[in-house]
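# Descriptive analysis of the structure
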Amino acid sequence: MSRPTPAGDAVEASAPGKLVVSGEYAVLAGAPALVAAVDRRVTCTLVPRDAGGWRFVSTGFETEQALTRDAVFQAPPNTVAGVVRQLIAEDRAPGHIEVRIDSAPCHLHGAKLGVGSSAALVAAVAAAFSVIGGDAPRLAKLVAIHKSFQGGGSGLDVAAAVTGGVIRFQDQRIVPARLPDVHKAFVFVGTSTRTADLVARFDAWRGVANPLGLERLIEAAVEVADCTVSAGLFLDALREYTDVLERMDRMAQIGIFGPGHQAAREIAARCRVVYKPCGAGGGDTGVGFAADQEAVARFANEAGDSGLTIVPMEVSDDGIRIRTE
């Protein structure tokens, strides 16, 4: 393990993952989305080295790579090294450093949970390099870097990673929000999704004008975002939004409600719980909401018994955290 040199201390920065409460897909057409940061964090640690160039070590998605500083500044944008080169000027970059990325909390048995780990990675790496590079990039730049790293997206996951808590995100604007007093259970359906694939299907269906199914989804997303003051109103609006999302999915043949989400939704209906996929859907993670704690507990037990995985997770009030050693 490399040791810090007198040239500088080790820097550790972390950022939370996220789950979309409402507004997925509709947000791409200008609707508001409710997004919650979650306590599954990605950590970036920078350790100065005496020699050996740059070393990238990742846990979660397992990889290790050694590069010269010159090679880092020629790296493609869809790599961690490519993210770094967009964050720090070459003349301010150290000659030798170890970059450790730990995204293991955002994975389960080698599969990604779908909680925005790539956005959290970009935010954590940016925060760490801002300490040694002197510049804290604006949200718009982080969103652009994340799009080149992942291949698209609205930017809501980057916003949640930076701010933490619950936000209302619309047209790159962030407004702090809060969820009503409801109980929740997070469910991993057992398979991971490549978000860009589902978004591409949505874009192909949407075309140059919003179809009626999307216009209805936009209206439903607005209603959820406007109904967070009351648990009853929120749950009613979220139930309607999920129904509209499922109808749009059938029309567009995106695959949002994959088999695992369909099974979870059937269990939720029996338990009087509102269940929906979070984000792109297909696989990844969904959430069940109810005002009744016992109803959520029944849902979690039945979902677990059916082979789905209940993931311990809470909303994280903290966004980016930075510390030096």
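Above this text sits the structure in question.
Position numbers for residues start from 1 in each chain and track the written sequence from start to end. Only residues with pLDDT of 70 or above have their local features reported here, since the model is predicted, and side-chain atom pairs are shown and tallied only from 80 upward, although totals for entire chains, interfaces and linings are computed over all residues. Note: side-chain values were computed over all heavy atoms of the structure, leaving out hydrogens and water.

Neighbouring strands of a sheet are bound in pairs by backbone hydrogen bonds; such pairs are parallel or else antiparallel. What makes two strands pair is DSSP finding at least two bridges between them. Helical segments are the DSSP runs of H or I of at least four residues, strand segments are the runs of E of at least two, and each set is numbered from the N terminus. With antiparallel pairing, four strands are arranged side by side in an open sheet as β11-β12-β10-β13. Of all strands in the sheet, those bounded by a partner on one side alone are β11 (274-277) and β13 (309-310). Inspection of the sheet shows strand β10 (residues 183-188) paired to strand β12 (residues 285-290) by six bridges, in the antiparallel sense. Note that in β12 the partner of Val 187 across the bridge is Gly 286. Contact between two residues is taken to exist if any of their heavy atoms lie within 4.5 Å; hydrogens are not considered. Axes here mean lines fitted to C-alpha atoms, for a helix over just the part in contact, with angles spanning 0 to 180 degrees between N-to-C directions. Contacts between helix α9 (residues 259-271) and the sheet are confined to β11 and β12, with β11 contributing the most and set at about 170 degrees to the helix. Most of the contacts of helix α10 (residues 293-305) go to β10, to which it runs at about 10 degrees, and overall it touches β10, β11, β12 and β13.

The next thing to look at is the layout of surface pockets. As a volume, the largest pocket reaches approximately 840 Å³. Cavities and pockets are defined on a 1 Å grid built over the protein atoms alone: a cavity is a set of grid points where a 1.4 Å probe fits but cannot escape, while a pocket is an open set with protein on both sides within 12 Å along at least five of seven lines, and lining residues are those with an atom within 4 Å of any such point. Contributing to the lining of the largest pocket are 35 residues, with Lys 112, Ser 118, Gln 150, Asp 157 and Thr 195 lying nearest its centre. Of all the elements in the fold, those that place two or more residues in the lining of the largest pocket are β1 (11-22), α3 (117-133), α4 (139-150), α5 (156-163) and α6 (195-206). Counted by class, the lining of the largest pocket contains 14 nonpolar, 15 polar and six charged residues. Grid points are joined across faces, edges and corners, and a volume is the space filled by probe spheres set on the points. Think of it as three bins: nonpolar holds Ala, Val, Leu, Ile, Met, Phe, Trp, Tyr, Cys and Pro, charged holds Asp, Glu, Lys and Arg, and polar takes everything else, Gly as well.

Another aspect to go through is the side chain of Thr 228. Assignment of secondary structure puts Thr 228 in the loop between α7 (212-225) and α8 (231-252). Each residue touching Thr 228, except ones within four places of it in the same chain, is listed here: Leu 34, Arg 178, Leu 179, Pro 180 and Phe 234.

For the rest of this paragraph, the subject is the pattern of salt bridges. Criterion for a salt bridge: a side-chain nitrogen of Lys or Arg within 4 Å of a carboxyl oxygen of Asp or Glu. In the structure shown here, the tally under the stated rule is 16 salt bridges. As a salt-bridge pair, Glu 240 and Arg 216 come within 3.3 Å of each other at their nearest N and O atoms. With a gap of 24 residues between them, Glu 240 in helix α8 and Arg 216 in helix α7 connect regions that are remote in the sequence. By relative accessible area, Glu 240 is classed as partly exposed at 28%. Here Arg 265 and Glu 246 are joined by a salt bridge, their closest N and O atoms 2.3 Å apart. Note that Arg 265 is positioned in helix α9 and Glu 246 in helix α8, a separation of 19 residues in sequence. The classification of residues rests on relative accessible area computed with a 1.4 Å probe and restricted to protein chains. Under 20% of the type maximum is buried, over 50% is exposed, and intermediate values are partly exposed.

This part covers the packing of aromatic side chains. Here is the rule: rings of Phe, Tyr and Trp (six-membered ring for Trp) pair when centre to centre is within 6.5 Å. Planes less than 30 degrees apart are stacked, more than 60 are edge-to-face, and the remainder are tilted. Under the defined criterion, the tally for this structure stands at six aromatic pairs. Ring centres 5.2 Å apart and planes at 55 degrees place the aromatic pair Tyr 25 and Phe 202 in the tilted group. Remark: Phe 202 occurs in helix α6 and Tyr 25 occurs in the loop between β1 and β2 (33-48); sequence separation between them is 177 residues. Taking the relative accessible area as the measure of exposure, Tyr 25 reaches 4% and is therefore buried. Here Phe 202 and Trp 205 contribute two aromatic rings whose centre-to-centre distance is 6.2 Å and whose plane-to-plane angle is 50 degrees, an arrangement assigned as tilted. Of this pair, Phe 202 and Trp 205 both sit in helix α6, three residues apart, roughly one helical turn. Residue Phe 202 is classed as buried on the basis of its relative accessible area, which comes to 0%. Following the ring pairs from residue to residue traces out a cluster consisting of Tyr 25, Phe 202 and Trp 205.

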